Amino acid sequence: MSDVVEKTLTALPSLLSLDSQSGAGKLSSTSKLGGLIRSITELTSKHEEEKLINRELAAIKEQVSSPNTSMRQMKEIMVRAIYCEMLGYEASFSYIHAIKLAQQGSAIEKRVGYLAVSLFLNESHDLLLLLVNTVLKDLQSTNLIEVCMALTVVSQLFPKDMIPAILPLVEEKLTNPKEIIRRKAVLALHKFYLIAPNQVQHIHSKFRKALCDKDPGVMTASLHIYLQLIKENPDSYKDLTGSFVAILRQVVGGKLPVDFNYHNVPAPWLQIQLLRILSLLGKDDQSTSELMYEVLDESLRRAEMNHNITYAILYECVKAIYTIYPKSELLEKAAKCIGNFVVSPKINLKYLGLKALTYVVQQDASLALQHQMTIIECLDHSDSIIKRETLEVLFRITNVKNVAVIVEKMLDFLKNVFMEPDILFLLYVGCFPLLSDTYSPNNEWFIQTMNVVFSLGGELMHPDIPNNFLRLLAQGFGSEEEEQQQLRVFAVDSYLTLLESDTAHLPQRFLQVISWALGEFSYLKDGLEPCKVTKLLAKLLDERNVTSESRSWILSAMAKLSAGPGAAALALQVSERYSSSLDTVLRQQALELLHLSQDPELHARVLPHGAAWDSFEVDSSLSFLDSFVSEALSQGAAPYKAPHQRQEELRQEKALSLEPYSISLPVSLSSCSITDRQSPTLLSMSSSLSGNSNELKAGTLKLEGVKRVWGKEGYLHQQDAVEEAAQVEEAATPALPLSPQQGGAESQQTHGDLTVVEQEKQKLASSLFVGLGSQNSTFLMGKSDSTSQQFRRKTRAADSTSSGVSERSSSSSHSSCSDFLHNNLLEDSQNSLNTQKIGVSNGTHEGPVTQSFQTTSKETSPFLDAGMVLVQPCSPQTELRDFVQPGSSGITQTSLRSQFPPELSQLPHSDISLLSSDHSLSLSACRAYRDDALLFVIILSNLKCCGSIFETFSTLIQVASLRGNALENLPAHSMSVCWYALLMEEPHTQVTVAGSVSYRAVPGHTQTLQFTDKLFLTDFIRPLTLSTEEYGKLWLSFSQDVRQNLKLIQGEGDPLRATLSALKEQLQLHIVDIIGSEGIVACRLLPDSPCLLHCRIHGGSLAVWLRSPLLSLPDCLLYYCQKTLEEC
Amino acid sequence: MVESGPSTRRPRIVALRSSSSMIKFFLMVNKQGQTRLSRYYEQVDLGKRPALEADVVRSCLSRHKDECSFVEHKDYKLVFRQYAGLFIVVGITDTENELSIYELVHNFVEILDKYFSRVSELDIMFNLDRVHLILDEMILNGHVAETNKTRILAPLMVLDKLAEG
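Calculation notes
- Residues numbered from 1 in each chain as written.
- Chains lettered and ligands numbered in written order.
- Predicted model: local features only at pLDDT ≥ 70, side-chain atom pairs only at ≥ 80, totals over all residues.
- Heavy atoms only, no water.
- Helix = DSSP H or I, 4+ residues; strand = E, 2+ residues; numbered from the N terminus.
- Buried < 20%, exposed > 50% of the residue type's maximum accessible area, 1.4 Å probe, protein only.
- Contact = heavy atoms within 4.5 Å.
- Areas by Shrake-Rupley, 256 points an atom, 1.4 Å probe, with all protein chains shown as cover.
- Pairing = 2+ DSSP bridges.
- Salt bridge = Lys/Arg side-chain N within 4 Å of Asp/Glu carboxyl O.
- Axes fitted to C-alpha atoms, helices over the stretch in contact; angles between N-to-C directions.
- 1 Å grid on protein atoms, 1.4 Å probe; cavity = no way out; pocket = protein on both sides within 12 Å on 5 of 7 lines; lining within 4 Å.
- Points joined across faces, edges and corners; volume = space filled by probe spheres on them.
- Parallel < 35°, antiparallel > 145°, perpendicular 65-115°, else oblique.
- Left-handed = near helix turned anticlockwise from the far one by under 90°.

*Asks:* Is there a simple way to explain the overall build of chain A in this structure?
*Replies:* In terms of regular secondary structure, chain A is built from 47 helices and 20 strands. Out of the 1128 residues belonging to chain A, those deemed buried represent 51%. The long-range share in chain A, meaning contacts at least 24 apart out of those at least 6 apart in sequence, stands at 66%. Carbon and sulfur atoms form 53% of the exposed surface of chain A, whose accessible area is close to 53,100 Å².

*Asks:* Help me understand the overall build of chain B in this model?
*Replies:* Within chain B, the secondary structure is distributed over 5 helices and 7 strands. Sequence-ordered secondary structure for chain B, helices as α and strands as β, is β-β-α-β-β-β-α-α-α-β-β-α. The proportion of buried residues among the 165 residues of chain B is 73%. Looking at chain B alone, contacts between residues at least 24 apart form 53% of all its contacts between residues at least 6 apart. About 5,300 Å² of surface is accessible on chain B, with carbon and sulfur atoms providing 50% of the total.

*Asks:* Just checking my understanding: could you explain unusual backbone geometry for this structure?
*Replies:* Excluding glycine, residues mostly carry a negative phi; peptide bonds, for their part, are mostly trans. A positive phi angle, near 50°, is found at H263 of chain A, a position not held by glycine. Relative to the helices and strands, H263 of chain A resides in the loop between β1 (261-262) and β2 (265-266). Even without being a glycine, A84 of chain B presents a positive backbone phi close to 50°. Structurally, the position occupied by A84 of chain B is in the loop between β4 (76-83) and β5 (86-92).

*Asks:* How should the pairing of strand β18 (residues 1078-1085) of chain A be read in this particular structure?
*Replies:* For a regular strand, the rule is simple: side chains alternate between the two faces of the sheet. Residues and elements named next belong to chain A. Of all 8 residues in β18, 8 are buried, a share of seventy percent or more. Of the two faces of β18, the one holding E1078, I1080, A1082 and R1084 and the one holding G1079, V1081, C1083 and L1085 are both buried throughout. Summarising the sheet, strand β15 (residues 1021-1023) and β18 pair through 3 bridges and their orientation is antiparallel. Residue pairing for β18: P1023 is matched across the bridge by C1083. When β18 meets strand β19 (residues 1089-1098), the two strands line up antiparallel, connected through 8 bridges.

*Asks:* Sorry, what's going on with the pattern of salt bridges here?
*Replies:* Overall, the coordinates contain 40 salt bridges over all chains when judged by the stated rule. A salt bridge links D129 of chain B to K75 of chain A, with the nearest nitrogen and oxygen atoms 3.7 Å apart. Of this pair, D129 of chain B sits in helix α4 (residues 128-138) while K75 of chain A is found in helix α5 (residues 71-86), placing the two residues in two different chains. Judged by relative accessible area, which is 5%, D129 of chain B ranks as buried. Look at K75 of chain A and you get buried, because its relative accessible area is 16%.

*Asks:* How do you make sense of the sheet that holds strand β2 (residues 35-40) of chain B when you look at a structure like this?
*Replies:* Adjacent strands of a sheet pair through backbone hydrogen bonds, lying either parallel or antiparallel. All names here are of chain B. With respect to topology, 5 strands assemble into an open sheet ordered β2-β1-β5-β4-β3, the strand pairing being antiparallel. Looking at strand neighbours, the two that pair on one side only are β2 and β3 (70-73), the edges of this open sheet. Averaged over all pairs of adjacent strands, the angle between strand axes in this sheet comes to 20°, irrespective of strand direction. Relative to β5, β4 runs antiparallel, the two sharing 7 bridges. Each residue of the ladder has a partner; that of L78, found in β5, is G91.

*Asks:* Even after reading the chapter, I still don't get the side chain of H190 of chain A, so can you show me in this structure?
*Replies:* On the secondary structure map, H190 of chain A appears in helix α11 (residues 179-195). Discounting residues that sit within four places of it in the chain, H190 of chain A has contacts with H224 and I225 of chain A together with H143 of chain B.

*Asks:* What am I meant to see in empty space enclosed by the protein here?
*Replies:* It is the rolling of a water-molecule-sized probe over the atoms that shows where space remains empty. According to the stated counting rule, one finds 12 cavities of 30 Å³ or more in the structure shown. Of the volumes computed, that of the largest cavity is approximately 270 Å³. Together, 20 residues line the largest cavity, and H224, W269, L270 and Q273 of chain A together with V144 of chain B are the ones closest to its centre. If you list the elements that add at least two residues to the lining of the largest cavity, you get α13 (216-232) and α15 (268-282) of chain A together with α2 (98-116) and β7 (143-144) of chain B. Among the elements that take part in the lining of the largest cavity, α15 of chain A stands out by supplying 5 residues, more than any other.

*Asks:* Sorry if this is basic, but what is going on with the pairing of strand β17 (residues 1070-1075) of chain A here?
*Replies:* Residues and elements named next belong to chain A. Pairing geometry for β17 and β18, over 5 bridges, is antiparallel. Bridge assignment links D1073 to a residue of β18, and that residue is I1080. Between β17 and β18, which pair antiparallel one after the other, the connecting turn spans 2 residues, and G1076 there sits at a positive phi close to 60°.

*Asks:* Please clarify how the packing of helix α8 (residues 129-139) of chain A against helix α9 (residues 144-156) of chain A should be interpreted in this entry.
*Replies:* The relative placement of two packed helices is expressed as an angle between their axes plus a distance between the axes. All names here are of chain A. Following both chains from N to C, one finds α8 and α9 inclined at 140°, their axes separated by 8 Å at the closest point. One finds that α8 runs oblique with respect to α9. In terms of crossing hand, the pair formed by α8 and α9 is left-handed. Taking contact as the criterion, the partners of L131, V135, D138 and L139 in α8 are, on α9, E146, V147, A150, L151, V153 and V154.

*Asks:* How should the environment of A994 of chain A be read in this particular structure?
*Replies:* With respect to the element layout, A994 of chain A can be found in strand β13 (residues 990-1002). With 18 residues separating them along the chain, A994 of chain A and T1012 of chain A place their C-alpha atoms 4.1 Å apart.

*Asks:* Explain the environment of I40 of chain A to me, please; I cannot follow it from the model alone.
*Replies:* On the secondary structure map, I40 of chain A appears in helix α3 (residues 32-41). Looking at I40 of chain A, the relative accessible area reads 3%, which means it is buried. Linking I40 of chain A and I53 of chain A, residues 13 residues apart in sequence, is a C-alpha distance of 8.9 Å. Other than its neighbours up to four places away in sequence, I40 of chain A contacts L52, Y83 and L87 of chain A together with Q34, R36 and M125 of chain B.

*Asks:* Honestly, the environment of V360 of chain A in this entry has me stumped. Any pointers?
*Replies:* Residue and element names in this part refer to chain A. Position of V360 relative to the elements: it lies in helix α19 (residues 347-361). In the structure, V360 is positioned 39 residues away from I321 in sequence and 9.8 Å away in space, judged by C-alpha atoms. Once you skip the residues sitting within four places of it in the chain, V360 turns out to touch Y322, I338 and L367.

In C-alpha cells, the structure reads:
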C-alpha cells in the first residue's frame, strides 16, 4: 500500500500545475482556499510566508465581518484560518466566528466549525463558554450526526465548570441504541473524568455497564476510563480481573468482527490496552496474577505472525509478565521472546527489545547475561539511538566490578556523539560522576575518569558536577582520612601533569576545578614547591582563552599558595599586572593577593592550611559594616534598595507600563483617558473606556495555568529528577544479588573455537557482566557481597529516616485535616481555621487580678489536650496590658464603661456584651480598636453583695507567663478591668477566643467560669495610609490576587463614592484616591500585612480586585466587603 | 568510596519520564519541513509550535532509512514514518508503546488511502478539514479512540452524503 502512496506523492509537482486533476479533489483552485494552498506550496522563504499569511489574514478578517458571507463560505474561511494558525500565525479574530459556525451551520459546516473551535481554543479560553449552549442544543438534537459532533467536541475540550450542565444529557446517551453515540458518550465521560473526577463519581456503575456493552467499540472506549481508575486505585477493581481476562481471551481467540482486524491481527490496540490493565491489576498480587497466567501464555503463543503489530503486542505482553507476580514458566518464555527482539535484524524491533531489557533487568539482572553478546554488538551499532538504549541497559547492571568497563564504553560513546549539543548528552555527562563515585574501584581511576568527564563535558556540563566533585574532594566520602589524603594528592598530581602539557583545549569549568584543587591541596604533596604550582598557574592566567571567571579562580588559588618564599615574588609580579585590570573582581583579587603575599602572618590567619570545613563562620548579615553604613547615611547617602526594587523603579521610569497603577499622578491619568478615547485599541487607564475586563487582562502577564518551571534556584524539575534518581537507585540495588543463571563461563564453553575478534568481545562481555552471574570465584563473591551489603545498609538507613519524617508529616496533616472537618460546623466556611494563630502578647504583669486566657478557635481545642500549643506569645513590640481597677457596684453599660481607664475610653470600641456569668461573678467583654492591636477588654464584676473575697487564678497554661499568677481579692460589688492586645497572624474571617476564670469564693473551693467570644477579621483591619505612588509600587509586588464583582450602592450622588465610603466606615479602610470611575483603597491586617483594593464601576456593579502578600487575606476581606454591601 | 552523601544517587539517563502513556502531538510534515497538518493533544503555545515542528523535522530528517524510527527528543519520544516526501511524526510519552504507534500511523494512512482512493499530499492539503475529522475519530485526547477503519470513516461518509444531497 505504501508503495502506492509513494508513487502518487512523487507525482505531486506535476499535479500542482494541473488544476482539474483528481488530486485537487472537489475544490477548484480558483477558490480562495485553492489559491492559498497553491501559494503555500510555492513558498520559498520564511519572509514570503509571512507576507502571504498576513495578506491572507487581512482578507479573512474582511470577509468574516461581512454580513453576506454564507455558512458555506464561512466553512472555507475557517479552513483558511486553520492553515494560518497551522503555520504559526494567530487568527484570534476568527475564533468567535468558528463558534458561530458551529452554532448556525448544518452538517459539514457545523462539523468544521466544531473542528476549528477544537483547534483554535484551549481548555481555559473564555470564548469556550459561548460553546456550551450550542453543545447543549446539539446534544438534544434528533439528528444523530449532530449529537455525534457535540459529543466529539465535548471529549476534546469543554470548560470544567460547565460539566454539570451537560452531564445528564451525556449520561442519557449511554443507553442510546446507536453504537457510535454510546461510544462517544463514554469517551466524553473519560474526558470529564480526566479534568474533573469528582463530577463523574456517581456514575461508576454506568462505566461497568459500558464495559459489558454488547458492542466491542463501546467496551474499548470504556477501557480508557478503567485504565485511569485502576492506575489510581488498583485494589478497588480486582474483582474485574476475570472480566478483563475473558475479554482478552475472546479478542485473542478472534471472536471480534473481522473489520476490527488490522493486518489479520484482531484489534491489536485493544489487546495492548487490556494487557496494560492486567499488568496494573496483577502487580504484587499473586492471586490476581494467577487468573491471568493462562491468557498471557495464550497471547504469547498467538502472536507468532511476523508483523510489527504482533511485536508491539508481544512487547506489552512481556512487560505485563514481568510486572505481575512472577511465574517461572512464563518468565522463561518472555525472556526468550525478548531475545528474539534483540537479535532481530529489524532495527525497530531491536530497539524495542533493548527497551524491554532495560525494564526487565531491574527485575532480574541475570537476563542481561543471556543476551550479553548481543548487547556487546549493540554497543557498536551504527545507530546512536540503539547505542544509547544499550547504555541504558548497562546502567542498570552496573556494579563495583564492571563499572570501569561500562564507564569506558560510555565515554567512548560520548566522544563520538558529542558534537551534537543535545540535552541528552548533557544528562549523560551528568550521570558519570554519580556513577563513578558510587562504585569506583579506586581513587586513581576515579580521578582519571573525572578528568575525562570534565574535558569532554566542557561548558555544557551541569554546574552541579564540578561542585559535587569539589565537595567530594574537600569532605571526602566519609572514608578513612588517609585514603582521602591519597585521593587529594592524586588529584594534585594529575592536575600538575595536565597543566604542564597544553591547556588550550581544557574547558573553563575544568580549569576552575584544577585551580581550586591545586590551591587547596598542593601543600599535601611532599616536596612540591608552592613556587612551582604558582608558576604553572601564572602561565595559565596568561592564556588568552581563559575567561575572567576562571582567572578569578586562578587568582584565589594563587593567593592560597602565596605564602611560600618563591611564590611571593611571583605573586607580586602577577598582582601588579592585574591590579590595573578592567575587571573589578580581578582587580580586587590581585590586590588581595598582593597583601597576602607580603604579610605571612595575615596569610596564616586568613587562609590556614587544612582548616576544618565547618569552622568558618560567615556573618551573612554583614553586621561588621553597620557602622560604615550608618556613617554614610548620616552623610546623606541614599539608603540601599534591593535589586527588584530598583528594577521596579527603573521600569516605571522608562517603559510605558500598562498596569493600572503605574501612573501615579491623577493629572496624567485623566489626560491619558482623553487621548485613549481616540484609539480604542490602546488599553485605557481609566476603565470606563475599556469597560471589558478581558481587555484589562490583556495588559498584564497571564500567569494562570502556567507551570512554574523556573524558580529562584533555577529549573525546578531538578527535584523530580533527584526523586527519580533515588527510585532508580533502589531498583538497581537488587541487581547485585546473584542468580543461579549461567554467565559468561558457559558461553565460553559453547563457542568452542572463536575468532580473535569474537574472543575480544567475549572478554569485554565477561568484564561487563561480571558480578551478575555465579561463576565468579569465591574470593570475588565475598568481596562483592560485603560491598553491596554496605551500600544497602546505607540506603536503608536513609530510607528509615525519610519515612520517619513522612510519617510525622502525615500525622500532622491528618490532624489538620480533622480540624478542617470540625471547621465545617462553623458558619464561616470560607477559611479553614486549622493553622490559625493569634498572638497574645504579654509583658509585665502588674494588676492584682488575673485570669487565664486562651485564644484559639473552639474547634481546635480538643487538640490542646494532646499537648499542642496553639497560642504563641507574640512579638514583643506589643505588650499586654493587664489593667485592673477596683471600682463601685452596678452593671450597666455606662457604669461598665465608666470603669475604663482613660487610655481605653478614648479609643473607638464596640458595645460591651455579657460573656458569661454565674451566681457570683459576671464577665463582660468589649473590643477596643487601637492602632497597633485589637484590645480585648474583659470586665469582671463581683455580684455578691456581701464583702466576700474572690480569688481568681488561671487554670490553663496556654499563655505561659500567666500561669499561676497572683491571686488577689476582688471586693463585693466591685469590678475590675483587664485587657489583652491581640494580633492576627494568619487571616481568617473569624476566630473564636475561649478562656476561663477560676476563683475561690470559699477558701478551698475553686470554681471556674468559662467563656468564649468571636473575633472577626474586621476587628483586626486598620486603614493603611499611603500615597498613590506608594500604592502603585506595592500593587506590583503582591502576588495574591482575587477579583469579584460586588453590589454597588445606588444612592444620591456618586455611587462609587457612596460605596467606598460605606466600606470605609464598616471595614476601616483607607481610600487612597478616587479618579473617575475608579477608586483605590488600602488597609492592613494587624500587625502589618497590607491589602490593596482596586475598585471600578463595571456595568451596574463594583469590580473589586484585591491584592495582598498574604494567601487568604484577599478572600477574607472580600467576604466582608460583600457582606457589608449586601447589608447596606 | 561506597558511601558518599549526596552523590550515591543515580539518575536515569532521561530524567523526565511521565507516568501515563499518551500521544502528545500528531504532525504531517513534508521533506522541506513545511507543516501539512498538526494536532496537539497537550497545550503548546501557538508561537512555540513552528520552532518545535522545525526541531522535530530536523531530528527526523537526520535519520537514515535503515536507522530506527524512534527518536528521543527532549522529554518525549518521536515516532516517525515516511511516505514519499511526507513524514508523519507522532510525539509520545516514554511509556507509550512505540511500535504500536508506528503501526497506528500506518493504519491512519491506510484509512486516508481508502477515503481518497490513493492519497497524495495534495489531497491532504485540499481536504485538510476532512483529514482532521478522520484523525479526530481515531485519536482523541491523546488516546487511541478507534482503529476500526469502517467506523472511523462512517461519520465523514454521512456528512459527505448530506453535502451531496
